[in-house]
Amino acid sequence: MMETNAVGTNLSDESPYELSAVVIPLLKGIIYQEDSPALWLALVNLQAGVRDYVAVLGLELMLDEAEGYAFLRSREEDPDVAGTPRLVARRQLSYPVSLLLALLRKKLAEFDAGGADTRLILSRDEVVELIRIFLPAGSNETRLIDQIDTHLNKIAQLGFVRRLRGQKQMIEVRRILKAFVDAQWLSDFDRRLAEYREETAGTRETTDD
Amino acid sequence: MNFDYNALDHLRQTHPAWRLLCAKYAPLTASFLHRVFIVPNVRILAEADLVEALEDELFVLREQMGNDAFPGSARSYLTDWADNDKGWLRKFYPPGTDEPHYDLTPASEKALAWLEGLTDRAFVGTESRLLTLFELLRQMSEGTQTDPEARIAELKRRRDEIDGEIDRILAGDIPLLDDTALKDRFQQFLQLARELLTDFREVEHNFRVLDRRVRERIALWEGGKGALLEEIMSERDAIADSDQGRSFRAFWDFLMSQSRQEELSRLLEEVLALPPIQAMQPEPRLYRVHYDWLEAGEHTQRTVARLSEQLRRFLDDQAWLENRRIMDILHHIETRALALRETIPQGDFMSLAETGADIDLPLERPLFRPAVQNRITETAVDEGDAEVDTGVLFSQVVVDRAELSGYIRRELQMRDQVSLGEIVARHPLRHGLAEVVVYLQLASEWPWTTVDEEHRERLRWRTETGRVREAILPRVILLRNG
């Protein structure tokens, strides 16, 4: 006498409960389509509602359907409204970590230009080779590798690389890196480098950008 | 192809197939790869499976040839074979797994096919090949004939031939293929069937090369974006519209048709049952060779679809512009960073937004509580004799009957009758189907209930995982009183 069947989640009435089921995970971190398909679907359907809601918190929803990830970002600060505290904290990064992030971003761009695979997987040795020439030449190889391992751990904590299960020597550069280390961030980095160079050299060299 | 000394020398040094044949351990490599990839028609193998298979192989060989026959470990051989300077295996990480996977490269498959061809065949049929050649020529000349007269004349000629054949058979003259002719054709079939299977890897490889070439062109493009897009998109899809892509699609459409598959199965079965063919002892796998084609073709199909999609993503407006800019900026950064390498900045240098808002409520932290010390005492466990209703264990979802009947009563205070659907609309279901069942139970116990079989109602609810489910049932109406 009774039959049950599933229908789409596009019910017009968005109860606050539905919204919180999506917003709370977003506040906690990145949502990947691959990791949680149900949540992803709900997010895509409730997109507009989520945008409105997080706007109240001074946040902006970044959703990349092609790459399958979404996260919240602090909205560009309004110069008129000063003093709104940030909900999403900014993490301070040391120079080698910043540089390594930039180099990994480059590797990702090259990787995308070169082939069809979506997963960029590097061995620790490759990462060492990537950054080695930018660090002071030293004789202690193992110390260098340890240091780079520490930097990689830091980057893993930020969520941009992850070590492969069962093969700690291999890391995957997560594609979300593209969204954070973008042209804006890189040109800031470039500018910082130029400033730093000026400071240390004490010369009157003018920066070229 | 250039066949002079230098070209061949270069080929011997660089081509993976030739290098495989020259390799010291070629018999090991070839026999192993043939056994695990070619014989079972496997495309993708996980590293662990491959290592295990190779270890078994090495174990057997060492039994025969002494312990120091093959010095390396299975894993080291695999790594070596997948290395760029060998290129016998393609190593890659499929999405969603951290384990490397392997597939044969087309080059090593070619070497294996050549080795297979080395062994003498019982006889070489030439008649069937000649017929195949004729057929191909006929198709080409006919398929490009634009003059309708000529086409019709050709068709008529063939119809006359068929009519003649029908007449001859009616007259009792049935021409039969003799055994030799049959074997000849079967051998030809075998060879083509196997080659087709071999070709898939090459087709896939060609698609990859094509994809890479398009990407290179994009990456090195100096002009405006519009011109590039025009060039690439003028072919609707760079990969699918290539010669390779079209031929493959035609093949695929042909193979995918239900009637073709049935026809293939039927013909294969009939042919393989013929006594002269049985005498040749064909491999049992031949019965399902078209499924092998399907399997291999599907793999290629998926690769092509994925390549096309990723290429589109790569061409995507923003990513494209951003990538160019990023490479420019990175060039700057590298130059500057190199200049700084003896005096690298200490302390914090850049900042980056975190990936989530870390909401840390101080009051949520638990207060200090001394750790509970578990004292383990020895007590003999006695069998109890209490009568316990074990049914409780099975009714973990608690639906409050009193609450539900309260809803019904409240609705009926305002009007004379109410349907189940209306009640549920006002009081959303929280326990899903279980709650619906309780409602039905309540309705059956209600003194004045009618069921309207003519009309149906939908009850909807959302499960814990966020999916919406619905139940369709006849309209149940509850009345205040008779």
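In what follows, the structure referred to is the one given above.
Structure report, in brief. Model, not experiment: these values are computed from the prediction.

**A short note on the nonpolar core**
If you look at the biggest cluster of nonpolar residues, it comprises 71 residues, and the most contacted ones within it are Leu43(A), Val50(A) and Phe189(A). The element contributing the most residues to this core is helix 4 (residues 95-114) of chain A, with 9 residues. Setting aside residues no more than four positions away along its own chain, Phe189(A) makes contact with Tyr95(A), Ser98(A), Leu99(A), Ala102(A), Ile333(B), Phe349(B) and Met350(B). Within the second largest apolar cluster, 29 residues are counted, among which are Ala30(B), Ala74(B), Leu89(B) and Leu104(B).

**Some thoughts on helix 8 (residues 148-170) of chain B**
Count 3.6 residues to each turn of an α-helix, and residues three or four apart come out pointing the same way. Residue and element names in this part refer to chain B. Counted at 1.5 Å a residue, the expected span for helix 8 with its 23 residues is 33 Å, and the 32 Å between its end C-alpha atoms agrees. The opening residue of helix 8, the one whose side-chain oxygen lies 3.1 Å from the backbone nitrogen of Glu 149, is Asp 147. Following helix 8 by one or two positions, Gly 172 adopts a phi angle in the positive range, close to 95°.

**Notes on a nonpolar patch on the surface**
Residues and elements named next belong to chain B. A grouping of Leu 130, Leu 133, Phe 134, Leu 136, Leu 137 and Met 140 is seen on the molecular surface, where their side chains present a nonpolar patch of about 640 Å² in accessible area. Turning to its location among the elements, Leu 130 is positioned in helix 7 (residues 127-143). Using a relative accessible area of 47% as the deciding quantity, one classes Leu 130 as partly exposed.

**Some remarks on the sheet that holds strand 2 (residues 31-32) of chain A**
Residues and elements named next belong to chain A. Here we have 3 strands laid out as an open sheet, ordered 2-4-3, and antiparallel in their pairing. Of all the strands in the sheet, just strand 2 and strand 3 (59-64) have a single pairing partner and so form its edges. Of the strands in this sheet, strand 3 and strand 4 (69-74) touch helix 3 (residues 47-56), which is tilted by about 150° from strand 3.

**Some points on the interface of chain B and chain A**
Every contact between the two is made by 69 residues of chain B and, on the other side, 78 residues of chain A. Carbon and sulfur atoms make up 59% of the surface buried where chain B meets chain A, a total of about 7,000 Å² over both sides. Looking at the side of chain B facing chain A, the largest losses of area belong to Phe349(B), Met350(B) and Leu352(B), adding up to 12% of the total buried there. In this structure, the connection of chain B to chain A is made through 7 salt bridges. Across the pair Arg91(A) and Glu354(B) runs a salt bridge whose closest N-O atoms are separated by 2.7 Å.

About the thresholds
Residues numbered from 1 in each chain as written. Chains lettered and ligands numbered in written order. Predicted model: local features only at pLDDT ≥ 70, side-chain atom pairs only at ≥ 80, totals over all residues. Heavy atoms only, no water. Core = buried A, V, L, I, M, F, W, Y, C linked by side-chain atoms within 4.5 Å. Buried < 20%, exposed > 50% of the residue type's maximum accessible area, 1.4 Å probe, protein only. Helix = DSSP H or I, 4+ residues; strand = E, 2+ residues; numbered from the N terminus. Contact = heavy atoms within 4.5 Å. Expected span 1.5 Å × (residues − 1). Polar contact = N/O pair within 3.5 Å; in protein donor to acceptor, adjacent residues only side chain to side chain. Patch = residues over 30% accessible without salt bridge, like charges linked within 9 Å, V, L, I, M, F, W, Y side chains within 5 Å. Areas by Shrake-Rupley, 256 points an atom, 1.4 Å probe, with all protein chains shown as cover. Salt bridge = Lys/Arg side-chain N within 4 Å of Asp/Glu carboxyl O. Pairing = 2+ DSSP bridges. Axes fitted to C-alpha atoms, helices over the stretch in contact; angles between N-to-C directions. Buried area = accessible area lost by both parts, 1.4 Å probe.

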